[in-house]
Amino acid sequence: MKEKLLKIFLEHEGEYVSGEKISQELGCSRTAVWKHIEELRKNGYKLDSAPRKGYRMVTKANGIHSHEIKQYLKTNYLGQELTYYDAIDSTQYAAHKLAQEGIGEGHVVIANEQTAGRGRLGRVWHSRSDTSISMSLILRPTLPPQKTPQITLLAAVAVVRAIKKNTGLTCEIKWPNDILLNGKKLVGILTEMQADPDLVHSVIVGIGLNVNQQKEDFGEDIEEIATSLSIAGGKTIDRARLIADILSEFEWLYEEYLSKGFSTIRPMWEAYSISVGTYIYARMIKDVIYGYAKGITDDGVLLVEDEHGKVHSIYSADIEI
Ligand code: BT5
């Protein structure tokens with residue numbers, strides 16, 4: 001019901017909609033309409049009411065509940081089933097659990113706040129309430145495990161395209177899992193899987209995105225390296241709309257990938273990448289390699305040529321440019 005009501009206001013942005021019209025469209029009484037309006041107000045929406053005119057939405061709540069995302073969602077399956085948390089330790093843990101229990105492909109876990117968000121190698125991911133996006137997508141591709149890094153690259157392309165569509169801002173991808181804006185980290189992607197040695201059961205794609213934070217909202221440890229869409233664009237972004245756009249972009253790219261392979265994703269990834277065609281440091285757990293990043297393989301492996309002409313295949317590292 002909430003989802004339908006929000007859709008009505010979305011279709012009549014800035015205009016009054018009469019109680020009569022709303023009750024007809026929702027198929028409920030005028031008293032029920034009033035109750036739903038009161039509920040939206042409690043959820044942070046500002047709604048005007050005027051005699052003989054009806055109701056008008058003044059400000060959206062910028063929430064990311066299922067009904068708020070679904071008013072924009074145009075996917076066939078990705079995100080059509082959503083589990084939402086006001087606060088959770090990590091959406092990755094919840095998604096792993098659901099995947100183990102056998103939940104279907106396309107289910108998305110989303111949280112308004114994570115209290116123990118995770119990066120790679122046990123690092124921390126900060127996800128502040130009300131201003132960021134933290135979500136984990138559950139996929140069930142028929143793939144050998146070594147191909148899953150390609151899904152990280154696909155996810156980065158989907159997020160960059162959705163941000164461009166939504167805000168006009170052009171981001172850059174830093175192999176393997178960072179999206180930068182004006183040289184600072186905007187998005188982190190964490191791809192994990194449940195697999196046998198030769199077959200993937202599920203892939204969990206975790207996406208953390210800084211949306212409406214201001215500089216002072218980032219803790220001391222990341223305020224110099226992190227940025228948000230709002231800092232870069234000077235506007236407050238509707239998180240629900242952005243989530244829906246990311247899921248749409250992801251779904252069509254994923255379909256292309258499953259039917260045609262990585263070769264369709266690769267040129268898009270390369271177009272946004274700042275980590276190929278340049279000299280880089282690749283910092284691994286035990287080793288650092290400096291050299292020319294020649295490109296990525298079809299498996300998503302980074303090829304770096306050192307000063308002796310030896311080409312190294314890098315599977316996971318932190319890149320410095
Ligand atoms: C990542 O790891 O960048 C992957 C982050 C994935 C987060 C998502 S949110 C939804 C899902 N649930 C989770 O629990 N995780 C996923 P890594 O490349 O290891 O980078 C981690 C580093 O990024 C940290 O050590 C900080 O330096 C920095 N960092 C932490 N929080 C940040 C933020 N909000 N913005 C920018 N940088 C951040």
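The structure we're discussing is the one just above.
Rules used throughout
Residues numbered from 1 in each chain as written. Predicted model: local features only at pLDDT ≥ 70, side-chain atom pairs only at ≥ 80, totals over all residues. Heavy atoms only, no water. Near = heavy atom within 4 Å. Polar contact = N/O pair within 3.5 Å; in protein donor to acceptor, adjacent residues only side chain to side chain. Areas by Shrake-Rupley, 256 points an atom, 1.4 Å probe, with all protein chains shown as cover. 1 Å grid on protein atoms, 1.4 Å probe; cavity = no way out; pocket = protein on both sides within 12 Å on 5 of 7 lines; lining within 4 Å. Sits in = over half its atoms within 2 Å of the grid points. Helix = DSSP H or I, 4+ residues; strand = E, 2+ residues; numbered from the N terminus. Pairing = 2+ DSSP bridges. Axes fitted to C-alpha atoms, helices over the stretch in contact; angles between N-to-C directions. Patch = residues over 30% accessible without salt bridge, like charges linked within 9 Å, V, L, I, M, F, W, Y side chains within 5 Å. Salt bridge = Lys/Arg side-chain N within 4 Å of Asp/Glu carboxyl O. Buried < 20%, exposed > 50% of the residue type's maximum accessible area, 1.4 Å probe, protein only. Parallel < 35°, antiparallel > 145°, perpendicular 65-115°, else oblique. Contact = heavy atoms within 4.5 Å. Nonpolar A, V, L, I, M, F, W, Y, C, P; charged D, E, K, R; others polar.

**Considering the site of the ligand**
Around the ligand, the surrounding shell holds 27 residues, and the nearest of these are Ser 90, Gln 114, Arg 118, Arg 123 and Lys 185. Taking Asn 177, its side chain carries an N or O atom lying 3.2 Å from an oxygen atom of the ligand. Contact distances for the ligand include 2.8 Å between an oxygen atom and a side-chain N or O atom of Lys 185. Against a free-state accessible area of 790 Å², the protein chains account for coverage of 92% of the ligand. Comparing atom positions with the cavity grids shows the ligand to sit within the largest pocket. The set of elements that each furnish at least two residues to the shell around the ligand consists of helix H5 (91-100), strand E5 (132-139), strand E8 (184-195) and strand E9 (200-210).

**Describing the sheet that holds strand E10 (residues 278-283)**
Taken together, the 5 strands give an open sheet; going across it, the order is E13-E12-E11-E10-E14, and neighbouring strands pair in antiparallel fashion. Each edge of the sheet is formed by a strand with only one pairing partner; in this case those strands are strand E13 (311-314) and strand E14 (318-320). Sheet twist, expressed as the average angle between the axes of neighbouring strands with direction ignored, equals 45°. Inspection of the sheet shows strand E11 (residues 288-296) paired to strand E12 (residues 302-305) by 4 bridges, in the antiparallel sense. By the bridge assignment, Ala 293 is partnered in E12 with Val 304.

**Some details on a nonpolar patch on the surface**
Where nonpolar side chains cluster on the molecular surface, the patch consists of Tyr 279, Tyr 281, Val 288, Tyr 290 and Tyr 292 and spans about 500 Å² of accessible area. Per-element accounting of the nonpolar patch gives the leading share, 3 residues, to E11. You can see Tyr 290 is positioned in strand E11. Overall, the relative accessible area of 45% leaves Tyr 290 in the partly exposed class.

**Some details on the packing of helix H1 (residues 2-11) against helix H3 (residues 30-42)**
At a minimum axis separation of 11 Å, H1 and H3 run at an interaxial angle of 85°. Taken together, H1 and H3 sit at an angle that is classed as roughly perpendicular. Facing H1, whose interface residues are Lys 2, Leu 5, Leu 6 and Phe 9, H3 presents His 36, Ile 37, Glu 39 and Leu 40. Taken together, the residues of the contact of H1 with H3 sort by class into 5 nonpolar, 1 polar and 2 charged.

**Some thoughts on the pattern of salt bridges**
Tallied over the entire structure, the rule returns 23 salt bridges. The shortest N-O distance in the salt bridge between Glu 101 and Lys 97 comes to 3.3 Å. Given a relative accessible area of 54%, Glu 101 falls into the exposed group. Judged by its relative accessible area of 52%, Lys 97 falls in the exposed class.

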